[in-house]
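Architecture and fold: a report
So you can see what is in the structure, the chains are spelled out below.
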Amino acid sequence: MSDGQVEEQTVSLVDVLKEDEELEEEASAVLAGSDSDHCSYPQGYVKRQAVYACHTCTPGGGEAAGVCLACSYKCHEGHDLYELYTKRNFRCDCGNRKFSELQCKLSPEKDDVNHLNKYSHNFFGFTARVEDEMIQCVVCEDWLHGRHLGSEVPDCVELQEMICESCMTKNSFLWTYAAHLAGVDLKQEAEADESNTKKEEKDDDVIEPSCKRSREEAGPNCKLKELQAIDQKRVQSGAVFWPSGWRSKLCSCNTCKVCSGVSFLSDESDTVLAYENKGKNSEQTARGNDPLMSALDNLNRVQQLEIIHGYNDMKTELKDFLQKFAAEGKVVTPEDIRQFFEQQQTRRRRVDAGNFFSP
């Protein structure tokens, strides 16, 4: 076997753990931004948090309800839950009037109904029978199938925000922005604007230093009116996919803030990306330095490979161990897990002893 073939079949421990770390990061992005120990109800309508719907407590045909992350763990353990990802300005419903046979264990004193919560068909589960990507509208926050959006889903959809056709129609002024911003490389445009601004500031300083002050005193112009005056057209149908940074291009004048009805769009901290980054940062702060990854620096190649084999063996055995419980419909208890690892340690000691006494 050539050295190249050996290299292809050999991976580092970092490679082995990479997939698990990526899955952990995805979970942290959604969950670490929410409190897993305390019901969020006392905080009121939380700006953004992970929300779940419990099919066990509020089945289809009843009233839609959502619970926070902590209540999904403490009050609805073992229930049939629908993960709704994150919701904006939502207050936990757990144990209120909609839950006739359940009282919240974490915050039992609640109003009968949270009148400002917004619900949709998603609270009763996703019923897709064919494989299709689900994409969330950043306005109504409903999850929609790609084939139902009425427009082509871009390849880099995870880097863009989507507004469904229904929300575009309800907020028709967004079509004006879509004609100018959707499908545009805003990064290059921003660099050009910055270059022009620096040139204008230099000209102002040299020729007419009072002009800049006059513009500032007059206040900012309405960006929306300026775009409407250009009268650039686009087909007003289908969902619209917006590039990164598009929110910063929205007008923030007082008139637009009052009349838009979706003023949260001009708030960069409202984005799911901002929420995910907050979750990742919180998780990294909580973890501190990972002792396992630090220890890897002190191991040679042979030692790393030995750990890889041990890690893979344990992962396979743990999977087989848990599958027995799943097949019998039994709940795995902390005691079961403790016994599993005790058996692993006993087996390891026997192997080490055998290697020690072998000739």
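An unreviewed UniProt entry lists the protein chain under the name Ubiquitin protein ligase E3 component n-recognin 7, from Labrus bergylta.

On to the overall build of the protein chain, then. Counting its regular elements, the protein chain contains 13 helices and 6 strands. Counting the 359 residues in the protein chain, one finds 34% classified as buried. Pairs at least 24 residues apart make up 73% of the contacts formed inside the protein chain by residues separated by at least 6 positions. Here the protein chain has roughly 23,300 Å² of accessible surface; of this, 50% comes from carbon and sulfur atoms.

The residue histidine 76 is located in the loop between helix H3 (69-74) and strand E2 (81-90) in this model. For histidine 76, a relative accessible area of 1% puts it in the buried group. Apart from the residues lying within four places of it in its own chain, the contact partners of histidine 76 are Cys54, Cys57, Val67, Cys71, Leu81, Cys94, Phe99 and Leu102.

This next bit is on helix H5 (residues 174-181). The element H5 is largely enclosed, with a buried count of 8 among its 8 residues. Buried residues of H5: Leu174, Trp175, Thr176, Tyr177, Ala178, Ala179, His180 and Leu181, and no others. At the C-terminal side of H5, glycine 183 shows a positive phi close to 85 degrees.

For the coordinates displayed, the defined rule picks out 8 aromatic pairs. Note on tyrosine 119 and phenylalanine 123: the rings are 5.2 Å apart at their centroids and 70 degrees apart in plane angle, and the pair reads as edge-to-face. For tyrosine 119, a relative accessible area of 27% gives the class partly exposed. For phenylalanine 123, a relative accessible area of 2% corresponds to the buried category. Consider the rings of phenylalanine 173 and tyrosine 177, whose centres lie 6.3 Å apart with planes at 80 degrees: the pair is edge-to-face. Grouping aromatic residues by their ring pairs yields a cluster made of Phe90, Tyr119 and Phe123. For arginine 88, the ring lying beneath its charged end belongs to phenylalanine 264, and the centroid distance is 3.8 Å.

Here the structure, examined in full by the defined rule, presents 10 salt bridges. One salt bridge in this structure joins lysine 47 and aspartate 267, with 2.8 Å as the shortest N-O distance. In this pair, lysine 47 is assigned in strand E1 (residues 46-54) and aspartate 267 in the loop between helix H9 (254-259) and helix H10 (272-287), connecting sequence segments 220 residues apart. On the basis of relative accessible area, lysine 47 is assigned to the partly exposed category, the value being 42%. Here arginine 338 makes a salt bridge to glutamate 335, at a shortest N to O gap of 2.2 Å. One end of the pair is arginine 338 and the other is glutamate 335, both in helix H13 (residues 334-357) and 3 residues apart, which spans about a single turn. Residue classification places arginine 338 among the partly exposed positions, given a relative accessible area of 39%. Residue glutamate 335 is classed as partly exposed on the basis of its relative accessible area, which comes to 36%. Connected through shared salt-bridge partners, Arg48, Arg88, Glu141, Glu161, Arg247 and Asp270 make up one network.

Below, the discussion takes up the nonpolar core. Within the largest apolar cluster, 31 residues are counted, with the highest numbers of intra-cluster contacts made by Val139, Met162, Ile163, Met168, Tyr177, Trp242 and Leu265. Elements supplying a minimum of two residues to this core: strand E5 (161-163), helix H4 (165-170), H5, helix H8 (223-230) and strand E6 (240-242). Sort the elements by how many residues they give to this core and H5 lands first, with 5 residues. Excluding anything up to four places from it in sequence, isoleucine 163 contacts Cys137, Val138, Val139, Met168, Leu174, Ala239, Val240, Trp242, Trp246 and Leu265. Membership of the second largest hydrophobic core comes to 17 residues, among which are Cys39, Leu69, Cys104 and Tyr275.

Quick look at the confidence of the model for the protein chain now. Across the protein chain, the average pLDDT comes to 76, with 69% of residues at or above 70. Across the protein chain, the secondary-structure element scoring lowest on mean pLDDT is helix H7 (residues 209-218), at 36, and the one scoring highest is H4, at 94. Here residues 1-13 is a poorly scored stretch, pLDDT under 50, and it has 15 contacts once near neighbours within four places are set aside; other chains count. Below a pLDDT of 50 lies the segment residues 202-219, which in the model reaches 6 contacts outside its immediate sequence neighbourhood of four places, other chains included.

The rules behind these values
- Residues numbered from 1 in each chain as written.
- Predicted model: local features only at pLDDT ≥ 70, side-chain atom pairs only at ≥ 80, totals over all residues.
- Heavy atoms only, no water.
- Helix = DSSP H or I, 4+ residues; strand = E, 2+ residues; numbered from the N terminus.
- Buried < 20%, exposed > 50% of the residue type's maximum accessible area, 1.4 Å probe, protein only.
- Contact = heavy atoms within 4.5 Å.
- Areas by Shrake-Rupley, 256 points an atom, 1.4 Å probe, with all protein chains shown as cover.
- Phe/Tyr/Trp six-rings, centres within 6.5 Å; stacked < 30°, edge-to-face > 60°.
- Lys NZ or Arg CZ within 6 Å of the ring centre and 35° of its normal.
- Salt bridge = Lys/Arg side-chain N within 4 Å of Asp/Glu carboxyl O.
- Core = buried A, V, L, I, M, F, W, Y, C linked by side-chain atoms within 4.5 Å.
- pLDDT = per-residue confidence, 0-100.

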